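Geometric and topological summary
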Amino acid sequence: MMKRIAFAALALSMAAGASAQYYELANQLPQLLRPALSGSWQYKGFVDASALAGIGSSRANILSVSTSQGFQYTSWFYMGVGLGVDVAFSNYDGSLSRSDVPGYWEHGANKTGAMLPLFTDFRFTFGGAQNALSAYFDLRIGATFLLGNNYLEFDNGYLSNNGQFYLRPSLGMRFPVNSSNSKQAVDLGITYQLITSANNYTWTGRTMTLNALGLTIAYEW
């Protein structure tokens, strides 16, 4: 009986905490929407370069350059759209037999491929004023496409040139570089990148997932 009472009290406490968070978020929504409604939002842009090491069974090391363009809605929230170019170097060691993977014969395959990610970018900044050192969390969600007719070859299959789901969160620090213009800064962060879809060819099916982890340096203005 006492355990049930304790569990019920814990549940009520968690519900109350969640309600308080939702209430706080609801109170901040007018502040978030006010710049959009008044037209006072500020244009902002980013350009960045990343070096990512592949992890997992299907691995590709990735060198990436991308840009994001959008609006700073509040001091802590940015949203925009972007594109980039990723050069992927697969871990293929030459052991794959083409006849083992259906759907391959219509295409050639390479160990290196260029990919075009298209994404929506959400960025949250923590730690005070724009002209001070702060932390950021960046989340990019979209799709990426292998350029050209050839597939990207791995030990267990092929990444096709159909659209792939693209997810790229980053966490890092923002360093202002111009005391007279707080919009200008250099960012250093740790980046994880996920590429996956069921549009590929492997021994066991159509789903292939690529994971990579590395560093990103960016300039914002």
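Check the entry above for the structure.
The structure contained in this document is the topic of the report that follows. (Residues numbered from 1 in each chain as written. Predicted model: local features only at pLDDT ≥ 70, side-chain atom pairs only at ≥ 80, totals over all residues. Heavy atoms only, no water.)

The next thing to look at is the packing of aromatic side chains. Counted according to the given criterion, the structure contains eight aromatic pairs. Between the aromatic rings of phenylalanine 46 and tyrosine 78, the centroid separation amounts to 4.9 Å while the plane-to-plane angle is 70 degrees, which identifies the pairing as edge-to-face. Note that phenylalanine 46 is positioned in strand E1 (residues 42-55) and tyrosine 78 in strand E3 (residues 77-90), a separation of 32 residues in sequence. The exposure class assigned to phenylalanine 46 is buried, which follows from its relative accessible area of 1%. Residue classification places tyrosine 78 among the buried residues on the basis of a relative accessible area of 1%. An angle of 50 degrees between the planes, with centres 5.9 Å apart, marks the rings of tryptophan 76 and phenylalanine 77 as tilted. You can call tryptophan 76 partly exposed: its relative accessible area is 27%. Three or more aromatic residues joined by ring pairs form one cluster here, namely Tyr73, Trp76, Phe77 and Phe124. Sitting over the ring of tyrosine 136, arginine 123 keeps its end group 4.3 Å from the ring centre. Arginine 206 extends its terminal NZ or CZ atom over the ring of tyrosine 201, reaching a point 4.5 Å from the ring centre. (Phe/Tyr/Trp six-rings, centres within 6.5 Å; stacked < 30°, edge-to-face > 60°. Helix = DSSP H or I, 4+ residues; strand = E, 2+ residues; numbered from the N terminus. Buried < 20%, exposed > 50% of the residue type's maximum accessible area, 1.4 Å probe, protein only. Lys NZ or Arg CZ within 6 Å of the ring centre and 35° of its normal.)

Turning next to the pairing of E1. Taken together, the 11 bridges between E1 and strand E2 (residues 60-74) define a ladder with antiparallel strand orientation. Considered in E2, the bridge of glycine 45 is made with glutamine 69. Taking the residues that link successive antiparallel strands as the turn, the E1-E2 hairpin has four residues, and the phi of glycine 56 there is positive, at about 100 degrees. (Pairing = 2+ DSSP bridges.)

Here we come to the pairing of strand E9 (residues 164-176). The sheet contact formed by strand E6 (residues 134-146) and E9 spans 11 bridges and is antiparallel. When the sheet's bridge partners are listed, alanine 143 is paired in E9 with phenylalanine 165. Pairing analysis gives 10 bridges linking E9 to strand E10 (residues 185-197), with the strands arranged antiparallel. In the sheet register, tyrosine 166 faces E10, and the bridge partner there is isoleucine 195.

Attention now goes to the sheet that holds E6. With respect to topology, eight strands assemble into a closed barrel ordered E1-E2-E3-E5-E6-E9-E10-E12, the strand pairing being antiparallel. The sheet shows a mean angle of 25 degrees between the axes of neighbouring strands, taken without regard to direction. Sheet analysis places E3 next to strand E5 (residues 112-126), joined by 11 bridges and oriented antiparallel. Counterpart to aspartate 86 in the pairing with E5 is methionine 115. (Axes fitted to C-alpha atoms, helices over the stretch in contact; angles between N-to-C directions.)

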